Amino acid sequence: MIQLETDVLVIGAGGAGMYAAIAAARDGCRVQLIDRSLIGRGGATVMAQMTVSVALGEQTPDHWEHHLADTLAAGRGLCDPVLAQLLCQNAELRIREMDAWKVGWARENGHLKQVYAPGHDRARCVYVDFLNTGPAVSRTLRTQLNRIDGIRRIGDVLITDIVVHQGEAVGAVGLHLLTGEAVALQAKSVVIATGGLTRLYRRNSGSLNMGGDGYALALRAGAELVDMEFVQFFPIGHLAPRMIGMDPIMWDPFRYKLGGRLLNAEGEEFADRYGQAESGNYVLTRDVATYAIYKEVEAGRGSPAGGAYLSFTHVPEAELRKSFGPVIDRLAKDGIDLTKMPVEVAPIAHYHMGGVRVDASMETRVPNLFAAGEAVGGASGANRLSGNAITEAFVFGERAGTTAAARANARTASGWNEKAAASALELFKHRGNTAAVPNTAALLVELQALMADHAGPFRTEEKLRLALARLEQMQLQLGALPATGDEHYNMLRLDWLDLRNMLLVAQCVVRAAIERKESRGAHQREDCPGMLPEWNLNQRLSWRDGELSLARVPAARPAEAAR
Ligand SMILES: Cc1cc2nc3c(=O)[nH]c(=O)nc-3n(C[C@H](O)[C@H](O)[C@H](O)COP(=O)(O)OP(=O)(O)OC[C@H]3O[C@@H](n4cnc5c(N)ncnc54)[C@H](O)[C@@H]3O)c2cc1C
């Protein structure tokens, strides 16, 4: 077994985790930054290619309070006002810090350039040209990590459990994927920065590392989850032809700018059938666009891959080249000639508004256990404002790193306890019967299909209950222990560990979706249309005696933010 010891343990090296590590090291702590993949390359951050919201007021007068008003409006009454305020108020500090670190935000006339994005009342988003925001952000943070002493970066380690002793987090255990060895990490404070859960869905914009591990880790450790029913779907995610190395949600701004046409298999523009004529400006709201595409496919008028066509063929080539820049040639390398052919698009799972419940210092209800980035729930309520997710990763990451460092600096030892770690380590000692192994690959595919078909953007109680019943059966099929041993890069064991978390997190999403008997933001119930004032509630999930327990609490009002 590999044994490590540190002051601050950061799990997940996306934007939030890297920022947390930098902040904790700046405050004098020894930091271990762990990722199941490559450092800075495993999650959503490096994949994002578009916009980052911040009220800089460089080109248009602005103030973080306007940004907050838009964030709260998008959240449909359910945002945690404290977290939302923290996000908007601290955005400028982080964006300017990234600018000083030479991330390369686009500039115009000597100012940082700010552009419009849906839901913002003014041009408020920075970006890095051309479709390079996420890669530039990740590279910049990786460079900072390299410059700061005291941060040890370890890739290919999958964290499987937080170790809790006497009610407090004292470290974590995991698996070194390359050697198959167990890893025990003692830490005075722990930050979960493992990103979102979109891998639960068949079509998603994320990576294989986004199966919601952090939610399961936090839940099993005794923390609460909040707003788990709210999964954001992006209406025109890329479907076909195959596109390599590009953001699957890249089409949106080009559609607004150039008037990309959404067409069904019969070549008709169909949006006006669903209550919103596009009237030439192509700003169909995300919910209507998602609904319209679903219904066209259902009616047998979908594209061959099961979505809609998005066409720019009516736009002059010179205009396409000007807008797409070098991207148009990258697309051509994948056989996509936008001057001659449409692409196929469909709604895809993109972001999760719910997550680990934290206070203003990013601490969960388990002392010494913090969370940051998309792993955190609450700031976006029922729906996230575009561009807020990368800002959230920076702001919450920095905050969690700083507060976790303060906690570690105040403690003399981690409080690690062998007995407390023993049950988590038991998973790796087990030598099971390989003949009895469930087909984990098939279970993964079934789980993704089940969630897409029964707990996707449009839900009914009947479908959700079917999903829950099947998820419970799948849990039994999976069993309590992985059935294989300690070979290096053992995919059967990795799938088993992933499924253990994914099945738990899927049940959280479905349970909360069954309970919420209304339609709000990203949670649309075909059998309960309309947003109801009596549902101005947040739902919190916790894990008691091996069962999920759900509590409802009135959503805090923005005026209560200064608590
Ligand atoms: C394609 C795409 C485009 C996007 N575009 C935008 C955009 O333009 N603007 C915007 O604001 N937002 C965008 N988003 C959302 C935004 O990128 C994410 O919300 C944000 O980057 C999340 O950052 P994070 O650090 O919390 O998580 P991530 O960047 O996802 O990092 C999480 C890390 O945790 C690791 N990890 C997970 N589980 C474990 C475990 N058990 N053990 C160890 N490591 C683990 C993963 O490998 C990963 O490296 C986009 C998302 C996607 C997928």
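One can find the structure itself at the top, above this paragraph.
Keep in mind that what you see is a predicted model, and the values were worked out from it rather than measured.

## Here's the deal with the overall build of the protein
Argument step 1. In terms of helices and strands, the protein carries 14 helices and 21 strands.
Argument step 2. Relative to its length of 563 residues, the protein is compact, with a C-alpha radius of gyration of 23 Å against a globular reference of 24 Å.
Argument step 3. Structurally, the protein occupies a C-alpha span of about 65 × 55 × 50 Å along its principal axes.
Argument step 4. Across the 563 residues that make up the protein, the buried fraction comes to 60%.
Argument step 5. Looking at the protein alone, contacts between residues at least 24 apart form 73% of all its contacts between residues at least 6 apart.
Argument step 6. If you sum the accessible surface of the protein, you get close to 21300 Å²; carbon and sulfur atoms cover 51% of it.
Argument step 7. Across the protein, 60 positive and 64 negative side-chain charges occur, with their mean positions spaced 2 Å apart.

## Let's talk about the sheet that holds strand β13 (residues 261-263)
Backbone-to-backbone hydrogen bonds join strands into a sheet, with any given pair of strands oriented parallel or antiparallel.
Argument step 1. Overall, antiparallel pairing links the four strands, which are arranged β12-β15-β14-β13 in an open sheet. Both edges of this open sheet fall to β12 (231-240) and β13, since each of them pairs with a single strand only. Ignoring strand direction, the axes of neighbouring strands in this sheet form an average angle of 45°.
Argument step 2. The pairing of strand β14 (residues 308-311) with strand β15 (residues 343-352) spans three bridges and is classified as antiparallel. Across the sheet, the residue bridging to L310 is V343, located in β15.
Argument step 3. Packing of helix α7 (residues 286-298) onto the sheet brings it into contact with β12, β13, β14 and β15, and relative to β12 it is tilted by some 55°.

## Observations concerning the pattern of salt bridges
Argument step 1. Applying the stated criterion to the full structure yields 43 salt bridges.
Argument step 2. Of the charged contacts in the structure, one is a salt bridge between R124 and D70, with a shortest N-O distance of 2.8 Å. One end of the pair, R124, is in the loop between β5 (111-112) and β6 (125-126); the other, D70, is in helix α2 (residues 64-74), with 54 residues separating them in the sequence.
Argument step 3. Using a relative accessible area of 0% as the deciding quantity, one classes R124 as buried.
Argument step 4. Assessed through its relative accessible area of 12%, D70 is described here as buried.
Argument step 5. As a salt-bridge pair, D329 and R321 come within 3.4 Å of each other at their nearest N and O atoms.
Argument step 6. Of the residues examined, D329 reaches a relative accessible area of 39% and is grouped as partly exposed.

## Notes on the site of the ligand
Argument step 1. Close contacts around the ligand come from 40 residues, with D35, T45, T51, D213 and E374 the closest.
Argument step 2. Between the ligand and the protein, one listed contact pairs a nitrogen atom with a backbone N or O atom of R36 at 3.0 Å.
Argument step 3. One of the backbone N or O atoms of T51 is found 2.7 Å from a nitrogen atom in the ligand.
Argument step 4. Burial of the ligand by the protein amounts to 99% of the accessible area it has alone, namely 1000 Å².
Argument step 5. Every element with two or more residues in the shell around the ligand is listed here: α1 (15-26), β8 (157-165), β15 and α10 (388-410).
Argument step 6. Sorting elements by how many residues they give to the shell around the ligand places α10 first, with four residues.
Argument step 7. Domain assignment of the residues forming the shell around the ligand places at least three in each of domain 1 (2-231 + 350-420) and domain 2 (238-347).

Rules used in this analysis
- Sequence order as written defines residue numbering, which begins from 1 separately in each chain.
- Reporting of local features is limited, given that this is a predicted model, to residues whose pLDDT is at least 70; pairs of side-chain atoms are given and counted only at 80 or more, and all residues count toward the totals for whole chains, interfaces and linings.
- Calculated side-chain values reflect all of the structure's heavy atoms, with hydrogen atoms and water omitted.
- Starting at the N terminus, helices and strands are each numbered in turn, a helix being any DSSP run of H or I of at least four residues and a strand any DSSP run of E of at least two.
- With C-alpha atoms as the basis for the radius of gyration, the globule rule is written as 2.2 Å multiplied by the number of residues raised to the power 0.38.
- Three labels apply to residues, based on accessible area from a 1.4 Å probe with only protein chains included: buried if under 20% of the type maximum, exposed if over 50%, partly exposed otherwise in between.
- The contact definition used throughout considers only heavy atoms, calling two residues in contact when any of these lie within 4.5 Å.
- Note on areas: Shrake-Rupley with a 1.4 Å probe; residue coverage comes only from the protein chains shown.
- All tallies of charge rest on Lys and Arg as positive and Asp and Glu as negative; His and the ends of each chain are not included.
- The atoms used to mark charge sites are NZ of Lys, CZ of Arg, CG of Asp and CD of Glu.
- Two strands qualify as a pair provided DSSP detects at least 2 bridges between them.
- To get an axis, fit a line to the C-alpha atoms, keeping to the stretch in contact for a helix; angles then go from 0 to 180 degrees between the N-to-C directions.
- Here, a salt bridge means any Lys or Arg side-chain nitrogen found within 4 Å of an Asp or Glu carboxyl oxygen.
- Nearness of a residue to a molecule or strand requires only that one of the residue's heavy atoms be within 4 Å of it.
- What qualifies as a polar contact is a pair of N or O atoms within 3.5 Å, subject to a donor-acceptor requirement within protein and to the restriction that residues adjacent in sequence count only when both atoms come from side chains.
- Note that the domain bounds were set by an automatic or database domain assignment.

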